[in-house]
Amino acid sequence: MAKSLLERAYDPEAFRELGKSLVDTLAGHLHAAQNGRGKVLDYRDAADELAFWKSFPEKNSSFAAWTEEVLRHTTQVHHPRYMGHQVAPPLPLASLAALLGEFLNNGMAVYEMGMAPTAMERLVTDWLCDRAGFGPDARGFLTSGGTLANLTALLAARRARGRDDVWNRGYSGRQAILVGEAAHYCIDRAARIMGMGRQGVIRVPVDAGYRMRTDELHRLYNQALADGLEPIALVGSAPSTATGSYDPIEELADFCTSRDLWLHIDGAHGGSALLSEKYRGLMRGVHRADSLVIDGHKMLGLPVLTTALLFRKGSVSYTTFSQEAEYLLTETQEEDWYNLAKRTFECTKLTSAFCWHAVISQYGESVFPAYLDRQYDLAREFAGMIRQRPNWELAVSPQSNIVCFRWVPPGAGKEVCNEINARIRGEILKEGRFYIVQTQLNGLTFLRTSLMNPFTTREHLEELLETCEKYGEA
Ligand SMILES: Cc1ncc(COP(=O)(O)O)c(C=O)c1O
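Criteria and thresholds
- Residues numbered from 1 in each chain as written.
- Predicted model: local features only at pLDDT ≥ 70, side-chain atom pairs only at ≥ 80, totals over all residues.
- Heavy atoms only, no water.
- Near = heavy atom within 4 Å.
- Polar contact = N/O pair within 3.5 Å; in protein donor to acceptor, adjacent residues only side chain to side chain.
- Areas by Shrake-Rupley, 256 points an atom, 1.4 Å probe, with all protein chains shown as cover.
- Helix = DSSP H or I, 4+ residues; strand = E, 2+ residues; numbered from the N terminus.
- Nonpolar A, V, L, I, M, F, W, Y, C, P; charged D, E, K, R; others polar.
- 1 Å grid on protein atoms, 1.4 Å probe; cavity = no way out; pocket = protein on both sides within 12 Å on 5 of 7 lines; lining within 4 Å.
- Points joined across faces, edges and corners; volume = space filled by probe spheres on them.
- Pairing = 2+ DSSP bridges.
- Axes fitted to C-alpha atoms, helices over the stretch in contact; angles between N-to-C directions.
- Contact = heavy atoms within 4.5 Å.
- Expected span 1.5 Å × (residues − 1).
- Salt bridge = Lys/Arg side-chain N within 4 Å of Asp/Glu carboxyl O.
- Buried < 20%, exposed > 50% of the residue type's maximum accessible area, 1.4 Å probe, protein only.
- Core = buried A, V, L, I, M, F, W, Y, C linked by side-chain atoms within 4.5 Å.
- Domains from an automatic or database assignment.
- Disulfide = S-S within 2.5 Å.
- Patch = residues over 30% accessible without salt bridge, like charges linked within 9 Å, V, L, I, M, F, W, Y side chains within 5 Å.
- UniProt positions renumbered as here; feature names shortened; annotations may be inferred.
- Right-handed = clockwise from strand over helix to strand, strands pointing away.

### Quick notes on the site of the ligand
- Surveying the vicinity of the ligand reveals 14 residues, the closest of which are G146, T147, T241, D266 and D295.
- Contact between the ligand and Q86: an oxygen atom at 3.3 Å from a side-chain N or O atom of the residue.
- With respect to the ligand, the backbone of G146 contributes an N or O atom lying 2.7 Å from an oxygen atom.
- In the complex, the protein chains occlude 85% of the 390 Å² of accessible area that the ligand would expose alone.
- Only α7 (146-161) and α12 (296-299) provide two or more residues apiece to the shell around the ligand.
- Here the shell around the ligand takes 3 residues from α7, the largest share from any one element.
- Residue composition of the shell around the ligand, grouped by class: 3 nonpolar, 8 polar and 3 charged.

Below you can see the structure in the form of structure tokens.
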């Protein structure tokens, strides 16, 4: 008897064949990309892309053909000339672990809908808390992205430090946060979602290295009080997005202690430096933070979205979405750590612990600093190369793997330089041999690379500079 559509769609043998062929294709893709073959991306504008996919089912039907087109129409993060946004080329094993999670589809909202990932999540976040030096009361969880984790941390800060009972009575207050001017826009967005408005986001100026100027904190804090605001938290970047600069966490912690402010560290990009012997110093003082975000999908080689949100005093994370501290089971007085939805914004959530745990259990935790150290070292080397070439300017000596630089031909003024650098970036995007981005710093247009790929070498970077010069001189 012929199988029904649903029987065919769920057929284990068909799945086996499709899966084998997909992994085979991806392995070939990985090999080609890693060896620098082909373009990093074949850029088309959005209207063309939409038209392509609109007509696609008429031309092809097989899953293999569909996969091939997806590969052709996406950005190859595994390519060593990928140096654009801050997403890691995921360790292939971690991608397989993610596939496992997507297949099992355990939603994790309650413990029995994800026993293994819940236990793994506890182990992974305990380990990260331990490395951060948070002490025995710490707890964390995994959530969907740095943006959501930062919002969740600030909601916890409000519950812990705010005067008002916003959870029950709604927001009518004048709360504010202090944050460096160079922080990621999601901090500003979080504060506004929380009802603080523009006035509630107090921007602390940055120094020439784009690090928060802690000498401005007292003045801004006192001004906020004079304006009738109620500062609840200070947010540091570890590092900032545009230039990859680390705020001086120890100094931030001193200030927070003196004013009883919540200290939140947005380490979405480079919080994992605390796992590195070589670069741990960038995170000095982090053990005094109240909360810390680390994205696995940035400097830990994991797939999207694998974010850890860690709390020095774990009990506060149980009050973020509830009036009472519901961290004990009523009958046994044991901590209810395994019902994660009590603490996370999400109800159903990704089993991203699989990615963390699979990598740690197969390769050991040293794979993380091995990756971070290599990329941070390479950025320093790249900065040295830029310094040595005429007509190039660095925005700042890199502290992480992010390098901002611009082509400054002799005699060219600000507007001309901006136009040339924007043109260089545009031509590079069209050409597709490299993928880099651009950023504005103090009104100047800089080219920006995040050196995410562990197979990017000095030779690729030489070639990048030569390509930029070619377009700059054109
Ligand atoms: C410093 C910083 N914080 C937060 C984010 C947002 O994280 P996500 O993209 O995981 O939401 C980013 C993203 O680049 C970032 O660089």
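### Description of empty space enclosed by the protein
- Summed over the entire model, instances satisfying the criterion amount to 1 cavity of 30 Å³ or more.
- The space that makes up the largest cavity amounts to roughly 40 Å³.
- Lining the largest cavity are T118, E121, R122, T125, G140, F141, W337, L340 and R343.
- Of all the elements in the fold, those that place two or more residues in the lining of the largest cavity are α6 (115-132) and β1 (139-143).

### Notes on the sheet that holds strand β9 (residues 402-407)
- Ordered by their spatial adjacency, 4 strands build an open sheet running β8-β9-β11-β10, and the pairing between neighbours is antiparallel. The open sheet terminates on both sides in strands that have one partner only, identified here as β8 (392-394) and β10 (437-441). Here the strands of the sheet are splayed against their neighbours by 40° on average, with no regard to which way each runs.
- Pairing geometry for β8 and β9, over 3 bridges, is antiparallel. Residue pairing for β9: E393 is matched across the bridge by R406.
- Sitting on the sheet, helix α15 (residues 414-431) touches β9, β10 and β11 (444-450), and the angle it makes with β11 is about 30°.

### A short note on α15
- Spanning 18 residues, α15 covers 26 Å between terminal C-alpha atoms, matching the ideal 26 Å at 1.5 Å per step.
- Those residues of α15 hidden inside the fold are in contact with β9, β10, β11 and α16 (458-473).

### Some details on the pattern of salt bridges
- Within the structure shown, the criterion is met by 33 salt bridges.
- For the salt bridge of D11 with K3, the shortest nitrogen-to-oxygen distance reads 2.8 Å.
- Taking the relative accessible area as the measure of exposure, K3 reaches 46% and is therefore partly exposed.
- K349 is paired through a salt bridge with E121; the nearest N and O atoms lie 2.8 Å apart. Of this pair, K349 sits in the loop between β7 (307-311) and α13 (353-363) while E121 is found in helix α6, placing the two residues 228 residues apart along the sequence.
- The exposure class of E121 is buried, given its relative accessible area of 1%.

### Some points on the nonpolar core
- Among the nonpolar cores identified, the biggest contains 67 residues, and L178, L234, L263, M283, L292 and W356 are the most heavily contacted of them.
- Mapped onto the domain boundaries, this core takes at least three residues apiece from domain 1 (13-40 + 75-105 + 366-474) and domain 2 (107-363).
- In this view, L178 contacts I202, V204, L217, L220, Y221, P231, A233, L234, V235 and L261; residues no more than four positions away in its chain are not counted.
- In terms of nonpolar packing, the next biggest core, distinct from the first, is built from 28 residues, A153, A156, A183 and F311 among them.

### What about the state of the cysteines?
- The tally for this structure, following the rule as stated, stands at 0 disulfides.
- Just so you know, C129 is unpaired, no disulfide at all, and the nearest cysteine sulfur is the one on C256, 18 Å from it.
- Residue C129 is classed as buried on the basis of its relative accessible area of 3%.
- No disulfide involves C404; its nearest neighbouring cysteine sulfur is the one of C468, lying 13 Å away.
- Residue C404 is classed as buried on the basis of its relative accessible area, which comes to 2%.

### With respect to a nonpolar patch on the surface
- Nonpolar side chains collect at one region of the surface, where F15, L100, F103 and L104 lie side by side and expose about 420 Å² of accessible area between them.
- Here the nonpolar patch takes 3 residues from helix α5 (residues 92-104), the largest share from any one element.
- Following the sequence through the fold, F15 ends up in helix α2 (residues 12-34).

### Here we look at α16
- Under the 1.5 Å per step criterion, the end-to-end length of α16 is 23 Å for 16 residues, consistent within 8% with the ideal 22 Å.
- Every buried residue of α16 is accounted for by H460, L461, L464, L465, T467, C468, E469, Y471 and G472.
- Buried residues along α16 sit in contact with α14 (367-388), β8, β9, α15 and β11.

### Brief notes about the UniProt feature "modified residue: N6-(pyridoxal phosphate)lysine" (unreviewed entry) in the protein
- Under the UniProt annotation, "modified residue: N6-(pyridoxal phosphate)lysine" (unreviewed entry) lies at K298.
- What makes K298 buried here is its relative accessible area of 17%.
- The residues touching K298, leaving out its near neighbours within four places in the chain, are Q86, A88, A268, H269, Y371 and M452.

### As for the pairing of strand β4 (residues 230-237)
- Most of β4 is tucked away: 8 of the 8 residues are buried.
- As judged from the 5 bridges shared by strand β2 (residues 175-180) and β4, these two strands associate in the parallel manner. The partner of Q175 across the bridge, within β4, is E230.
- Bridge count between β4 and strand β5 (residues 262-267): 5 bridges; the pairing is parallel. Bridge assignment links V235 to a residue of β5, and that residue is H264.
- The handedness of the β4 to β5 crossover, carried by helix α11 (residues 249-259), is right-handed.

### Overview of unusual backbone geometry
- Cis peptide bonds are those with omega within 30 degrees of zero, and the linkage from A238 to P239 qualifies with -5°.
- When you line up the elements, P239 lands in the loop between β4 and α11.
- Cis geometry is adopted by the peptide bond preceding L305, which originates at V304 and carries an omega value of -10°.
- Position of L305 among the secondary structure elements: in the loop between α12 and β7.
- Of note in the backbone geometry, Y210 takes a positive phi value of approximately 65° without being a glycine.

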